[in-house]
Amino acid sequence: MRGSTETETARVRQGVIRYWAAAKAEAGTAEEPYRAATLAEALDAARQLHADRPKFAQVLGLCSFLVDGAPVGTRDHATVELAEGGTVEVLPPFAGG
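Small disclaimer: the values here were computed from a predicted structure and weren't measured.

Draft legend 1. Representation of the nonpolar core in the model. Counting residues in hydrophobic clusters, the biggest one holds 21 residues, and the most contacted among them are Ile17, Tyr19, Leu39, Phe65, Leu82, Val88 and Val90. Of all the secondary-structure elements, those providing two or more residues to this core are strand S1 (13-19), helix H2 (21-27), strand S2 (31-36), helix H3 (39-49), helix H4 (54-62), strand S3 (64-67) and strand S5 (87-91). If one sorts the elements of this core by residue count, H3 sits on top with four residues. Among all residues touching Leu82, those that are not within four sequence positions of it are Arg13, Tyr34, Ala36, Ala37, Thr38, Leu39, Ala42, Val67 and Val88.

Draft legend 2. View of the packing of aromatic side chains. Counted by the stated rule, this structure contains one aromatic pair. When the centroid spacing of 5.7 Å and the interplanar angle of 80° are considered together, the rings of Tyr19 and Phe56 count as edge-to-face. With Tyr19 in strand S1 and Phe56 in helix H4, this residue pair connects regions lying 37 residues apart in the sequence. Assigned by exposure class, Tyr19 and Phe56 land together as buried.

Draft legend 3. Region of interest: H3. Taken together, the buried positions of H3 are occupied by Leu39, Ala42, Leu43 and Ala46. All buried residues of H3 fall inside an arc of 95° around its axis, so they share one side. Looking at the packing, one finds that the buried side of H3 touches S1, S2, H4, S3 and S5.

So, how was this worked out
Residues numbered from 1 in each chain as written. Predicted model: local features only at pLDDT ≥ 70, side-chain atom pairs only at ≥ 80, totals over all residues. Heavy atoms only, no water. Core = buried A, V, L, I, M, F, W, Y, C linked by side-chain atoms within 4.5 Å. Buried < 20%, exposed > 50% of the residue type's maximum accessible area, 1.4 Å probe, protein only. Helix = DSSP H or I, 4+ residues; strand = E, 2+ residues; numbered from the N terminus. Contact = heavy atoms within 4.5 Å. Phe/Tyr/Trp six-rings, centres within 6.5 Å; stacked < 30°, edge-to-face > 60°. Arc of directions from axis to C-beta.

Okay, structure coming up:
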């Protein structure tokens with residue numbers, strides 16, 4: 001049964017990425033869909049989608065992330081699994097703390 005667990009873990013899921021403040025400005029949109037199994041995959045796809053906006057990747061590198069309302073913190077983005085119908089919030093640093 002171990003093989004089925006690994007297959008389930010690697011399954012691509014669909015959800016939405018929401019951009020806030022500077023991330024929204026650089027993406028040129030407030031939100032867009034993701035198709036990814038992990039946060040790292042979703043962010044890589046977003047970088048590719050917005051490759052024509054070089055500041056987008058820079059801003060993304062400064063952001064904090066919430067996945068379904070839970071802070072990602074310092075966890076490796078490749079280990080943060082995404083849920084079907086989930087939400088990734090992209091939060092750039094805000095002035096004043």
